[in-house]
Amino acid sequence: MATAVQKIILSPSRDIPINKLVLSQSNVRRVKAGVSIEDLAASIARRGLIQSLSVFPVVDADGNETGMFEVPAGGRRFRALELLVKQKRLTKTALVPCVVRERDGAILAEEVSLAENIERAPLHPLDQFRAFQDMRGKGMTEEEIAAAFFVPVNVVKQRLRLASVSQALLDVYAEDGMTLEQLMAFTVSEDHARQQQVWEAIKDAWSKEPYQIRRMLTETTVRASDKRSVFIGLHAYEAAGGIVLRDLFQSDDGGWLQDPALLDRLVADKLKAEAETIAALGWKWIEVAVSFPYGHDSGLRELVGTVVDLTDEERAAREAFRSEYDRLEAEYSEADELPDEVDQRLGEIEQALEAFEHRPVTYDPAEIAIAGVFVSIAGDGSLSVNAGYVRPEDEAQAEPEGDESADATGDARDVATPGVQRAVITIGGQPAESEDDDEEEDSIKPLPERLVIELTASRTLALRNAVADNPHIAMTALLHKLVSDTFMTRMYTGAMEATVKHIYFPVQDEELKDSPFARAVQERHNGWASDIPKDDNALWDWLAGLDDASRMALLAHCVSFGVNALYERPNPHSAGGVSQHTLDMRFTQADRLARATGLDMVEAGWRPTFGNYLNRVTKPRILEAVREGAGEQAAQLIDHLKKGDMAKEAERLLADTGWLPEPLRLADIGEPSTDATVAADDAIELPAFLNADDEEDITGDAEDEEQQLVAAE
């Protein structure tokens, strides 16, 4: 026989006037916690009473109901209602929805009060973040949301930012797979793919601290405290379209700049503008860089200038600042803490007085004409200008005694009145582009030093690959080194010690790593590295077991890393760096290695391109290269172009000619033969628009137009 299920009867609800309610002594909440009564009252005023009160009838001594009701569960809501009555925002007789429970039932009032408080499931923070996001999406402003929930606007911004993290990571957080602090760290980036990539990388690691997450998410950015950022200012960066990532949960020193390329361009433009201003003073050269390495002025003579004296007005201003400073210090000497405005004023006076100490320096115009300036960014983000350095090649040469030939021919120059010169500005070792580039002199100037270093880095890497492919040559080179150390009384370290110093490239062009010889070296190195044991004893046994061909191949590979055909500026004082004699010997031996290995830079894969050479040299240099590689006719057809267009067309013209710049040629390689030049002239095919004058219209059929578009691209 089935047992009947006992039905539950819920307590009835009714509206009771506020003045008929009293707070019960059975309420278990004694300690203040959570939202204040004032904030709860404001919430009720805005939204009404969301949850009914639970009440018991109040009875007299005989057990009869008095018409009053006590509130054991919902006491904070009751006190908030009382506050609204006191503020006259609610009448005393306003009806309050209540659930009326039996007075003499089996359930005590204390049980009801306790159950209401402990059985309440707290809202997951993610639900709150998403609720804020939904309200924002439905038109509420951040300020309105903050006002509705009585929190600062910044708290709303933080929670909205948390809700904007990748959904995949929010799901992990919802399942307690990450902490709130870790989720906060992910908000520094808005890139969901990158957020998920970082989480995949660290989720199984034993350490996944929030600081590690922030570091990984911002590793391709630049801190706002970086001196480059300070130099241009965040306003200029943002005005140019740059985005700043901010951390809303901890101090971020201004955030992170998301576009380093834009930052570097703005920095370069501002540095160039500053350099142009300085160049107007008549300096021979201006070198511009974000920062210069230690010893960059080694070997240069520093001019001794004359410090400009203070004017009478400046002296008077300085004394006035000093007097004001002394007066303020004396006035507030007994104060425990300076008022903000006084502290600010003292700081302003200190800066003004410091400016008087850094006086401008003047130089002899004749010395300015042979000297230069280093322009960079100081550690605090200010402009750093170090003027008055003379290079050895610019030092005045002594005139031979009794030499009157110049006067006799009438070609002598009046050195007493030097003409106006245009300063050569280099940024990062490369000539700065100028609006006057189209007015370059026709003379062939030396290649920029940085370009020579980059070209010789390419040759060194190609030579390294060639030596590694020729064990016999590698053995000869190593034996040459050992014999030189043994029989030529040269200095070497240690007893019977022969080492190969791995040569690194301090300067290289961006295309070097993708060159055929670079890939060949790396692939060979990876192949050996996968076979070589890591244990020293095991390595000895492994080497002993190699056949002779493998031993020679490995020897050649290791020796090749010591190949050095790099150009570097010789130090005339031989105090660090290399001497000219050492540099000459290096290049002579590099040529010998190139001949012995049969290295041909053209066959190795090097080609002159817009980026690695042609746009890095002057227009006369470009024309010289085209003239040598493709012939005089080709040079004449592009000599009217602007430098950028000329460099692009020169790359196309020289692509298959086998032309090399001087640093990549063997010492005994001569100029191209006349026959080769004529053949190149005959084979040349240029777009029609290159042959036209600037004022002439180019007309033709559809096929001609299509060819022109291809060439322009």
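Everything below is about the structure shown above.
Quick look at the structure, then. (Residues numbered from 1 in each chain as written. Predicted model: local features only at pLDDT ≥ 70, side-chain atom pairs only at ≥ 80, totals over all residues. Heavy atoms only, no water.)

Glancing now at the overall build of the chain. Each helix and strand counted, the chain has 29 helices and 16 strands in total. Taken over 713 residues, the chain has a buried fraction of 35%. Put simply, 73% of the contacts in the chain that link residues at least 6 apart link residues at least 24 apart. Counting every atom, the chain has about 43800 Å² of accessible surface; 52% of that belongs to carbon and sulfur. (Helix = DSSP H or I, 4+ residues; strand = E, 2+ residues; numbered from the N terminus. Buried < 20%, exposed > 50% of the residue type's maximum accessible area, 1.4 Å probe, protein only. Contact = heavy atoms within 4.5 Å. Areas by Shrake-Rupley, 256 points an atom, 1.4 Å probe, with all protein chains shown as cover.)

Turning to the nonpolar core, a few remarks are in order. Within the largest apolar cluster, 53 residues are counted, with the highest numbers of intra-cluster contacts made by Leu 463, Leu 599, Met 601, Tyr 613, Val 626 and Ile 638. Filtering out sequence-adjacent residues up to four positions away, Leu 463 remains in contact with Val 563, Ala 565, Ala 590, Leu 593, Ala 594, Thr 597 and Leu 599. In terms of nonpolar packing, the next biggest core, distinct from the first, is built from 28 residues, Val 222, Tyr 237, Val 244 and Leu 266 among them. (Core = buried A, V, L, I, M, F, W, Y, C linked by side-chain atoms within 4.5 Å.)

Here the focus is the packing of helix H5 (residues 142–149) against helix H6 (residues 153–163). Between H5 and H6, the least distance of the axes is 8 Å, while the angle of their chain directions is 110 degrees. The orientation of H5 with respect to H6, classified from their angle, is roughly perpendicular. As H5 packs across H6, the resulting crossing turns out to be right-handed. From H5, Glu 142, Glu 143, Ile 145 and Ala 146 reach across to H6, where they touch Val 153, Val 156, Lys 157 and Leu 160. Looking at the contact of H5 with H6, its residues break down into five nonpolar, no polar and three charged. (Axes fitted to C-alpha atoms, helices over the stretch in contact; angles between N-to-C directions. Parallel < 35°, antiparallel > 145°, perpendicular 65-115°, else oblique. Left-handed = near helix turned anticlockwise from the far one by under 90°. Nonpolar A, V, L, I, M, F, W, Y, C, P; charged D, E, K, R; others polar.)

Quick look at the sheet that holds strand E7 (residues 244–245) now. Picture the strands of a sheet paired through backbone hydrogen bonds; they go either parallel or antiparallel. Read from one edge of the open sheet, three strands run E6-E8-E7, paired in antiparallel fashion. Bordering the open sheet on either side are strand E6 (222–223) and E7, each of which pairs with just one other strand. Bridging between E7 and strand E8 (residues 256–257) involves two bridges; their strand directions are antiparallel. If you follow Val 244 over to E8, its bridge partner there is Leu 257. (Pairing = 2+ DSSP bridges.)

Quick look at helix H9 (residues 192–202) now. Taken residue by residue, H9 has Gln 195, Val 198, Trp 199 and Ile 202 as its buried positions. Relative to the axis of H9, the buried residues are bounded by an arc of 100 degrees and lie together on one face. Facing away from the buried side of H9, by more than 90 degrees, are the exposed residues Ala 193 and Ala 201. Buried residues in H9 make contact with helix H7 (167–174), helix H8 (180–186) and helix H10 (210–217). (Arc of directions from axis to C-beta.)

Moving on, we come to the pattern of salt bridges. Per the stated rule, a full pass over the model turns up 24 salt bridges. Note that Glu 628 is salt-bridged to Arg 665, the shortest N-O span being 2.7 Å. Of this pair, Glu 628 sits in helix H25 (residues 619–630) while Arg 665 sits in the loop between helix H27 (643–654) and helix H28 (674–683), and the two are 37 residues apart along the sequence. The exposure class of Glu 628 is buried, given its relative accessible area of 16%. Because the salt bridges share partners, they merge into one network encompassing Asp 226, Arg 228 and Asp 264. (Salt bridge = Lys/Arg side-chain N within 4 Å of Asp/Glu carboxyl O.)

A negative phi holds for most residues other than glycine; trans holds for most peptide bonds. Of note, Lys 88 is a non-glycine position whose phi angle comes to about 60 degrees, a positive value. Here Lys 88 shows up in the loop between helix H2 (75–86) and strand E5 (95–100). Here the phi dihedral of Asp 176 falls at roughly 60 degrees; this positive angle occurs in a residue that is not glycine. With respect to the element layout, Asp 176 can be found in the loop between H7 and H8. The class of Asp 176 is exposed, set by a relative accessible area of 65%.

Of all the positions in H6, only Val 155, Val 156, Gln 158, Leu 160, Arg 161, Leu 162 and Ala 163 are classed as buried. On its buried face, H6 is in contact with helix H4 (125–137), H5, H7 and H8.

Among the surface-exposed residues, Asp 326, Glu 329, Asp 336, Glu 337, Asp 340, Glu 341, Asp 343, Glu 350, Glu 354 and Glu 357 lie close enough to one another that they form a single negatively charged patch. Of the residues forming the negative patch, the biggest block, six residues, is contributed by helix H15 (residues 340–357). Since its relative accessible area comes to 45%, Asp 343 is described here as partly exposed. (Patch = residues over 30% accessible without salt bridge, like charges linked within 9 Å, V, L, I, M, F, W, Y side chains within 5 Å. Lys, Arg positive; Asp, Glu negative; His and termini not counted. Charge placed at Lys NZ, Arg CZ, Asp CG, Glu CD.)

Turning our eyes to something else, we now look at the packing of helix H14 (residues 312–331) against H15. Remark: H14 packs on H15, axes separated minimally by 10 Å, with the N-to-C direction vectors making an angle of 145 degrees. Both H14 and H15 take part in a crossing whose hand is left-handed. Here Glu 314, Ala 317, Arg 318, Phe 321, Arg 322, Glu 324, Tyr 325 and Leu 328 of H14 come into contact with H15, specifically with Arg 345, Leu 346, Ile 349, Glu 350, Ala 352, Leu 353, Phe 356 and Glu 357. Residue composition of the contact of H14 with H15, grouped by class: nine nonpolar, no polar and seven charged.

With that settled, consider the sheet that holds strand E3 (residues 53–59). The five strands lie next to each other as E1-E5-E3-E4-E2, forming an open sheet whose pairing is mixed. In this open sheet, the two strands that pair with only one neighbour each are strand E1 (13–17) and strand E2 (21–23). Averaged over all pairs of adjacent strands, the angle between strand axes in this sheet comes to 50 degrees, irrespective of strand direction. Where E2 meets strand E4 (residues 65–73), three bridges bridge the pair, whose relative direction is parallel. Within the sheet, the bridge partner assigned to Leu 21 lies in E4 and is Phe 69. Along the sheet, H2 contacts E2, E3, E4 and E5; its crossing angle with E2, the most-contacted strand, is approximately 120 degrees.

The next subject is the packing of aromatic side chains. In this description, an aromatic ring pair is defined by two values, namely the gap between the centres and the angle between the planes. Counting across every chain of the model gives six aromatic pairs. When the ring of Phe 292 is compared with that of Phe 374, the centres are 5.1 Å apart and the planes differ by 75 degrees; the resulting orientation is edge-to-face. Of this pair, Phe 292 sits in the loop between strand E9 (285–288) and strand E10 (301–302) while Phe 374 sits in strand E13 (residues 372–377), and the two are 82 residues apart along the sequence. Judged by its relative accessible area of 2%, Phe 374 is buried. Ring centres of Phe 374 and Tyr 389 lie 5.4 Å apart, and the angle between their planes is 65 degrees; this geometry places the pair in the edge-to-face category. Pair noted here: Phe 374 is in strand E13 and Tyr 389 is in strand E14 (residues 383–390), with a separation of 15 residues, a long-range link. (Phe/Tyr/Trp six-rings, centres within 6.5 Å; stacked < 30°, edge-to-face > 60°.)

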